[in-house]
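A closer look at the structure
Here is what each chain is made of, one letter per residue.
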Amino acid sequence: MQLIDQAFKQKKGIGIIPFIMAGDPKIEVTLDLLQLLDQQGAMAIELGVPYSDPLADGIVIQEAAERALKEGITLKQVLEITIAARQRGVKVPLLLCTYINPILQYGVASLFKEAKKAGINGLIIPDLPLEESEEFKEIAKEEELALVPLVAPTSPLKRIQQITASAQGFVYCVSTAGTTGIRGQFSDEVESFLEQVRKHSPVPIAIGFGISDPQHVLRFAPYADAAIIGSALVKQIAARKHRLCLPEERAKALEEISSWIGKFTSSHQE
Amino acid sequence: MINSNKFVSQTKFGKYGGQYVPETLIHALNELENEFFRIQKESQFQQELKDLLENYSGRPTPLTYAERLTKEIGGGKIYLKREDLNHTGAHKINNTLGQALLAKRMGKKKIVAETGAGQHGVASATAAALLGMECSVFMGAEDVKRQQLNVFRMELLGAKVIPVESGSKTLKDATNEAIRYWVTHVADTFYMIGSVVGPHPYPQIVKTFQRVIGDEARRQIMKVEGRLPDHVVACVGGGSNAIGIFTAFLHEPEVQLHGVEAGGVGSDPGEHAAALSFGRPGVLHGALSYLLQTEDGQIQPAHSISAGLDYPGVGPEHAYLKEQGAVRYTYASDKEALAALRLLSQKEGILPALESAHAIAEGIKIAAKAKKDDIIIICLSGRGDKDVETIKKAEEGKENAAN
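What comes next is a walk through the structure. Small disclaimer: the values here were computed from a predicted structure and weren't measured.

**Let's talk about the side chain of His 272 of chain B**
All names here are of chain B.
- With respect to the secondary-structure elements, His 272 resides in the loop between strand E10 (256-264) and helix H12 (275-278).
- Of the polar contacts made by the side chain of His 272, one reaches the backbone nitrogen of Ala 274; its length is 3.1 Å.
- In this structure, His 272 is in contact with Ala 262, Gly 263, Gly 264, Gly 266, Ser 267, Phe 278, Leu 292, Ala 302 and His 303, ignoring residues within four places of it in sequence.

**Quick look at the interface of chain B and chain A**
- On the chain A side, the residues contacting the 34 residues of chain B number 35 residues.
- Interface of chain B and chain A: buried area, both sides summed, is about 2700 Å²; carbon and sulfur atoms make up 51% of it.
- By the criterion of area lost to chain A, the three top residues of chain B are Glu 23, Arg 180 and Gln 298 of chain B, representing 26% of everything that side buries.
- The interface formed by chain B and chain A holds three salt bridges in total.
- Arg 159 of chain A is the salt-bridge partner of Glu 23 of chain B, the closest N and O atoms lying 2.7 Å from each other.
- Within the residue set of the side of chain B that touches chain A, elements represented by two or more residues are helix H1 (23-40), helix H8 (171-184), strand E11 (280-284) and strand E12 (287-291) of chain B.
- No other element matches the eight residues that H8 of chain B contributes to the side of chain B that touches chain A.
- Class assignment for the residues of the side of chain B that touches chain A results in 13 nonpolar, 12 polar and nine charged.

**Here we look at unusual backbone geometry**
- Note the cis peptide between Asp 24 of chain A and Pro 25 of chain A, where omega equals -5°.
- Despite not being glycine, Glu 144 of chain A has its phi angle at roughly 55°, a positive value.
- Looking at the element boundaries, Glu 144 of chain A is found in the loop between helix H7 (134-142) and strand E5 (146-148).
- Of note in this structure, Lys 169 of chain B is not a glycine but carries a positive phi near 60°.
- With respect to the helices and strands, Lys 169 of chain B occurs in the loop between strand E7 (160-164) and H8.
- Look at Lys 169 of chain B and you get partly exposed, because its relative accessible area is 28%.

**Topic: the side chain of Gln 147 of chain B**
- Structurally, the position occupied by Gln 147 of chain B is in the loop between helix H6 (141-146) and helix H7 (148-156).
- Not counting the four nearest positions on each side in its chain, Gln 147 of chain B is found in contact with Ala 117, Met 139, Ala 307 and Lys 386 of chain B.

**Quick look at helix H4 (residues 92-105) of chain B**
Residues and elements named next belong to chain B.
- The first and last C-alpha atoms of H4 sit 20 Å apart over 14 residues, in line with the 20 Å expected at 1.5 Å per residue.
- The buried fraction of H4 is high, at 12 of 14 residues.
- For H4, the set of buried residues is Lys 92, Ile 93, Asn 94, Asn 95, Thr 96, Leu 97, Gly 98, Gln 99, Ala 100, Leu 101, Leu 102 and Ala 103.
- Just downstream of H4, Gly 107 is the residue with a positive phi angle, here 80°.

**Considering the nonpolar core**
- Among the nonpolar cores identified, the biggest contains 225 residues, and Phe 112 and Phe 170 of chain A together with Ile 245 of chain B are the most heavily contacted of them.
- Considering every element that reaches this core, the biggest residue donor is H1 of chain B, with eight residues.
- The residues contacting Phe 112 of chain A, other than those within four sequence positions of it, are Ile 103, Leu 123, Phe 136, Ile 139, Ala 140, Glu 143 and Leu 145 of chain A.
- Among the nonpolar cores identified, the runner-up in size contains seven residues, and Ile 305, Leu 341, Ala 357 and Ile 391 of chain B belong to it.

**Some words on the layout of surface pockets**
All names here are of chain B.
- A volume near 510 Å³ is recorded for the largest pocket.
- Looking at the largest pocket, it is lined by 23 residues, and the ones nearest its centre are Arg 146, Gln 147, Lys 386, Glu 389 and Thr 390.
- Only H6, H7, helix H15 (354-369) and helix H16 (388-402) provide two or more residues apiece to the lining of the largest pocket.
- Here the lining of the largest pocket is composed, by residue class, of six nonpolar, seven polar and 10 charged.
- By volume, the second largest pocket amounts to about 370 Å³.
- Every residue lining the second largest pocket is counted, 15 residues in all, and those nearest its centre are Gln 46, Leu 49, Lys 50, Leu 53 and Val 212.
- Of all the elements in the fold, those that place two or more residues in the lining of the second largest pocket are helix H2 (43-57), helix H9 (202-210) and helix H10 (212-225).
- A total of five residues in the lining of the second largest pocket trace back to one element, the largest contributor, which is H2.

**Thoughts on the packing of H4 of chain B against helix H5 (residues 119-131) of chain B**
Residue and element names in this part refer to chain B.
- One can describe the packing of H4 onto H5 by two numbers: an axis separation of 9 Å at closest approach and a directional angle of 40°. Classified by the angle between their axes, H4 and H5 sit oblique to one another. In the packing of H4 onto H5, the handedness of the crossing is right-handed. Listed contacts from H5 to Lys 92, Ile 93, Asn 95, Thr 96, Leu 97, Ala 100, Leu 101 and Lys 104 of H4 are Gln 119, His 120, Ala 123, Ser 124, Thr 126, Ala 127, Leu 130 and Leu 131.
- Tallied by class, residues from the contact of H4 with H5 come to eight nonpolar, six polar and two charged.

Cut-offs and rules
Residues numbered from 1 in each chain as written. Chains lettered and ligands numbered in written order. Predicted model: local features only at pLDDT ≥ 70, side-chain atom pairs only at ≥ 80, totals over all residues. Heavy atoms only, no water. Helix = DSSP H or I, 4+ residues; strand = E, 2+ residues; numbered from the N terminus. Polar contact = N/O pair within 3.5 Å; in protein donor to acceptor, adjacent residues only side chain to side chain. Contact = heavy atoms within 4.5 Å. Buried area = accessible area lost by both parts, 1.4 Å probe. Salt bridge = Lys/Arg side-chain N within 4 Å of Asp/Glu carboxyl O. Nonpolar A, V, L, I, M, F, W, Y, C, P; charged D, E, K, R; others polar. Buried < 20%, exposed > 50% of the residue type's maximum accessible area, 1.4 Å probe, protein only. Expected span 1.5 Å × (residues − 1). Core = buried A, V, L, I, M, F, W, Y, C linked by side-chain atoms within 4.5 Å. 1 Å grid on protein atoms, 1.4 Å probe; cavity = no way out; pocket = protein on both sides within 12 Å on 5 of 7 lines; lining within 4 Å. Points joined across faces, edges and corners; volume = space filled by probe spheres on them. Axes fitted to C-alpha atoms, helices over the stretch in contact; angles between N-to-C directions. Parallel < 35°, antiparallel > 145°, perpendicular 65-115°, else oblique. Left-handed = near helix turned anticlockwise from the far one by under 90°.

What follows is the structure, encoded as structure tokens:
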């Protein structure tokens, strides 16, 4: 949690938080990607846990989850990936991004405990709204993990106040009513939505859902502390999934992804 | 003793149920909840719904004494609650008429629904056509292939059927996709859920519109027998016809309630759809209930010969009733359902839906062990015309296997 707070304090301009699906296309590739994103100046990284029924996700992340599930990736293995990444020297804050059912089956208390031990700094649970989050908040507090809440353009002002009041780490602002996925354009109302959340939130705010172009990051830079790049990055990985699995081609494919994400991480400093 | 009405203003049944959905939907669910509680007290709404149920769908449906079946089994007296005689051929219309009126009251002009075999899709398309609303139905690509006729029926009724290619391409994935669509179009679209599943307040809403089954059956049995039944039996997929008939008897300790899940072809994962019998609590489609899932919490595909029961979850109130011991849950296999279907067809001239045949299979077992003057009511949730092709294939398969 402190690591996330520090990351926001130290940032210049808007921070970049990439999302990748753990085990897509293979565990070794995920480790390489975590290192690469850290080196490229990601402010934090969301590590997705694959789930069979991802309600909040569009097709790109659904397919990434399917690939990871075919690899047999479990929540336990995602924690092992985290441990290995930390051993490789990945310093950036890591957030576990998972639907609630795998956590319930793992056991809420033991997951939070083991996630903390593995080097996770926070959690994002897209199907855990305020109403159901009481127990989770308490356990997160005990383990000093940030339980990052989501607010949506459909959340009334009173709800935004309630949600942000107890937020830790940062608040995840959903740009558009819909699922995750690449979007060409955003409503004119996104800025005023972000202003409203920022006004009430005691912690920094990040914008996600649809951010797929460095121009998007520039547009929202005055209104948010970080931008989450999910489907657009996952699509870059998917386009190279075979090459990423071939030892002789992996380095080149990683380099291409690195230069792609570099356009985002450098855009905020212009 | 269970007084389920005391839960009406809460989001859960014991620990089950809840609202495990993305934040984007919470406001819409709250609006829906407010409007739903308002219309329950509003006599004009109740009158409109009553009028549709009577003069459009044909309620009350009869309670038929199955005399020849009773003689054949040689035990307790078997009565059938004839939901198959509803317009569109199943109990599903009770719910879609209610929800469509509610949608209209909320100013929504578009309906989105999920469907497995197509029964809820047809009932949704029907209600939407009647009330002049646009209707989109998500249906797994596998089910689209298996249920071509129902797809065409929905299209004839003016609905748009959208095949779902994700996941296992069946009902669970159609439900995911309907919810994703709803998240994206929440401002002008009403999500018409087909069973007592999903986030609060849906299980309450569907129960409220389906409880007419049990309320009628109770009045009818009192009229012909002068007393309550000893047993009430219903099939359970999501569990809406079961909740619909059970609710009127839940606080009567002398009435034994039996929920019958789809036992499919065996007890291994992927061979059945019996979430209460073989599953564990978990979250699917916004509610905590029993689920078929792996150790790691990934949802497992279900199997049943009956597409309407082919769902890896079950309504959260059933999970609660199971835990309270208020209902006995069991299962019937594909084979038992087919045999019961044949028996009912030949003894009573009633071809039941494959879903309902699961309840018949268990009802017969109960009747065989019962005393002569014991009374058993079986909820005949739908008619079997839609299943003729599936039944034919299953029978041919059996012959092939025998040769």
